[in-house]
Amino acid sequence: MPVSRLGELAALGTSVSWTCSALFFSAAGRRIGSLATNILRLGFAVIFLSLATLVLRGHLLPHDASAFTWRWLALSGFVGLVFGDLCQFRAFVVLGPRLTLLVVSLAPLFTAALGRVVLGEVLSLQQLAGMAVTIAGIALALTAHRNTVRSAAEGHWSWRGALLALGGAVGQAGALVLSKYGMRGYDPMASTQIRVIAALACFLVGFTIAGLWPRVVAGLRHSGGLRYTALGALFGPVIGVTLSLVAVVHAPAGVAASLMALAPLLILPVSAWRGEHVGWGGLAGAVLAVAGVALLVTG
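Every chain begins its residue count from 1, and numbering advances along the sequence as written. A pLDDT threshold of at least 70 governs which residues receive local features in this predicted model, and a stricter bar of 80 or more applies before side-chain atom pairs are shown or counted, although totals over entire chains, interfaces and linings include all residues. Hydrogens and water molecules were not included; the side-chain quantities draw on all heavy atoms of the structure.

Draft legend 1. Representation of the overall build of the protein in the model. Scanning the protein from N- to C-terminus turns up 14 helices and 0 strands. Its helices and strands in sequence order give the protein the pattern α-α-α-α-α-α-α-α-α-α-α-α-α-α, from N to C terminus. Here the protein holds 299 residues, and the buried ones make up 48% of them. Contacts: residue pairs with any heavy atoms within 4.5 Å of one another. Residue pairs at least 24 apart in sequence account for 89% of intrachain contacts in the protein once pairs closer than 6 positions are excluded. As displayed, the protein has an accessible area near 13400 Å², and 73% of this comes from carbon and sulfur atoms. Under the scheme used here, helices are H or I runs from DSSP no shorter than 4 residues and strands are E runs no shorter than 2 residues, and both carry numbers assigned from the N terminus. Type-normalised accessible area, obtained with a 1.4 Å probe on protein chains alone, sets the label of each residue: buried when under 20%, exposed when over 50%, and partly exposed for intermediate values. Here, Shrake-Rupley sampling with a 1.4 Å probe gives the accessible areas, and only protein chains in the shown set may cover a residue.

See the structure below:
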C-alpha cells in the first residue's frame, strides 16, 4: 500500500466504522436512552483502548505523551466528542436525522478552512473539485432520501436546529485540525485514548452536576443496551476515531474530512433493506459522491 494513499484509505475506513457505530448506537439508544449511551460508550472506549495500547505499546495509559500533546488532544476531545457530538445529537431531535446530516455534511469545508489557517495546508484544484463533488453528492442523496412513510421524528427546518447541526459540523472540523496539530508524531491510538479520556472526564463532571447517574445505573442493568453500546464504542470511538487520526496524519485535513463524511451514504443500503425508499436521487447522489472520492484519492 503506497504511504501516499494511506490517509485516504484510513478516511474511507473511518466512514465504514462510523456507519457501523451509528447502527449500534441507534439500537442502544432505543433501549437505554441517548444520555446513558453517550457516557457508557466513552467508558467502554477507554477500556478497549487501554487494553489495545497495553498490548501494542506496552503502556496501559498514555503517560509518555508530552504536556503539549495532552493539552491539544484533550481540547480536541472536548471540541469533537463533547461539544460537537452533543450539538449533533440534539439536532437529530430538533431538526431530524436527514436535515441534520445535510448541514453536518458541510464539515469538510470548515475542516479545509481551519487546516489552511492552523496547519498551512493548501489543497490542489483537483482536491478542491473532489471535495465539492463529494459534498454535492452527499447533499443530493440526503435531500432525495425519504422514508416511504414520513416519520414524526423526521423533524422540520428551524434555525435552532440548524445552529445545533452547524455546531456539530464545526465540532468535527475543529477536532480533526486540533488532533493533527497536537499529535506531532505521537501514536494515533494513544492519541485517541487521550481524546476519549478528556471527553469522559467532561461527561463525568456534567452528569454529576446534572444528577443524571440514575439513568446510567438503569442502563447498566440492560444487557442488550450494554452489548450494542460496547459494539458501537468499538467501531466508533476506538476504530473509527483512531483511523481518523491516521487519516489526518497522512492526508490533508480537508480531504480526509470529505472522505469521512461518506457515512450517511454508506447507510443507504441498510435503509433500503429496511424498506425505506431511496429513489433515483439517492442513487445519483451516491454515484456523484463516488466520483468525488475518485478525484480525492487520485489527486
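Further notes follow.
Draft legend 2. Spotlight on the nonpolar core. Buried Ala, Val, Leu, Ile, Met, Phe, Trp, Tyr and Cys residues that are joined via side-chain atoms within 4.5 Å together make up what is termed a nonpolar core. Ranked by internal contacts, the top residues of the largest apolar core, which has 31 residues, are M260 and L265. Among the elements that take part in this core, helix α11 (residues 253–260) stands out by supplying 5 residues, more than any other. The next biggest cluster of nonpolar side chains, apart from the first, holds 20 residues, and it includes A36, L42, V82 and V196.

Draft legend 3. A look at the environment of G236. Looking at the secondary structure, you find G236 in helix α10 (residues 223–250). Leave out the neighbours within four places in its chain, and G236 touches W18, S21 and V241.

Draft legend 4. Representation of unusual backbone geometry within the structure. Positive phi is not limited to glycine here, since R184 has a value of about 50°. Among the secondary structure elements, R184 is positioned in the loop between α7 (159–183) and α8 (188–210).

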